Amino acid sequence: LKQISEKFVLIQVMRLTQIKKPYILIELMKKLREKDKNIVLVLIGGGPLENKFRQKVEANNLSESIFLLGPIYDNDVLASLYKFADISVVPTCIGLTAHQSLSHNVPVVTDDSVINQASEFEILNDGYNARIYKEGNIDSLVDIIEDLSSTPKSLERLKQNTRPSLDKYSMKIKVANFIRAIESL
């Protein structure tokens, strides 16, 4: 953790599966490394693409920029890692990482995919608690990360809105809405 304490830290907590498009993170870090060596990615999770992902990190000489921690299920350990994070980056299909990140006061960056995003995407509001990049546009993602890493006021504004977002989209409310939808059938 000392290696990242002075860096701008992107965190990613997800299973490494095809639908999550994890290889976008490698492209992101390649482009960011060309411009700013002070940005790192901490990736937590495993899955069917884990070994191939590790190989691509090594093949692209990104071991100093991407830290692969594997799956972590201990909430206290996850909370301690989120304390170091500036932004949670999820290429697509955000899932519960949206709620988890916001509960740790970490804004989210993800894409605007209509097809791939899960229902948890509804908690995110571009410019309020998240930044949304155009699906498939890696340069848009790079620009957002560079902007947030170089503009502390913008990042702080997003962080201030993370917890209030959860009040409107809590799991309790989501479950109640789901039950209401089923009952209306």
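Before any of the text, the structure's been laid out above.
Residues numbered from 1 in each chain as written. Predicted model: local features only at pLDDT ≥ 70, side-chain atom pairs only at ≥ 80, totals over all residues. Heavy atoms only, no water.

Tallying secondary structure elements over the protein gives eight helices and six strands in all. Since a compact globule built from 185 residues should have a radius of gyration of about 16 Å, the 16 Å found for the protein is in line with a globular shape. When its C-alpha atoms are laid out on the principal axes, the protein stretches across 55 × 40 × 35 Å. Here the protein holds 185 residues, and the buried ones make up 46% of them. (Helix = DSSP H or I, 4+ residues; strand = E, 2+ residues; numbered from the N terminus. Rg over C-alpha atoms; globule rule 2.2 N^0.38 Å. Buried < 20%, exposed > 50% of the residue type's maximum accessible area, 1.4 Å probe, protein only.)

So, on to the pattern of salt bridges. Scanning all chains against the criterion turns up eight salt bridges. Between Lys30 and Glu27 there is a salt bridge whose closest N-O contact spans 3.4 Å. With Lys30 and Glu27 both in helix α1 (residues 23–35) and three residues apart, this pair spans about one turn of that helix. Among the residues examined, Glu27 registers a relative accessible area of 36% and is labelled partly exposed. (Salt bridge = Lys/Arg side-chain N within 4 Å of Asp/Glu carboxyl O.)

Here we take up α1. Spanning 13 residues, α1 covers 19 Å between terminal C-alpha atoms, matching the ideal 18 Å at 1.5 Å per step. Each element contacted by the buried residues of α1 is listed here: β1 (8–13), β2 (39–44), α2 (50–59), β3 (66–70), β4 (87–90) and α5 (138–150). (Expected span 1.5 Å × (residues − 1). Contact = heavy atoms within 4.5 Å.)

This brings us to the environment of Arg33. With respect to the helices and strands, the residue Arg33 is situated in helix α1. Classification of Arg33 by relative accessible area gives partly exposed; the value is 25%. Along the backbone, Arg33 and Leu62 are 29 residues apart, and their C-alpha atoms lie at a distance of 8.5 Å. Among residues more than four places away in sequence, those in contact with Arg33 are Asn60, Asn61, Leu62 and Ser65. Side-chain polar atoms of Arg33 contact the backbone oxygen of Asn60, separated by 3.2 Å. (Polar contact = N/O pair within 3.5 Å; in protein donor to acceptor, adjacent residues only side chain to side chain.)

One open sheet accounts for six strands, arranged β3-β2-β1-β4-β5-β6; its pairing is parallel. Either end of the sheet is taken by a strand with one partner, and the two such strands are β3 and β6 (130–133). Within this sheet the neighbouring strands show an average axis-to-axis angle of 25 degrees, counted without direction. One ladder, built from two bridges, connects β1 with β4; its direction is parallel. From the neighbouring strand, Leu10 faces β4, where its bridge partner is Ile87. (Pairing = 2+ DSSP bridges. Axes fitted to C-alpha atoms, helices over the stretch in contact; angles between N-to-C directions.)

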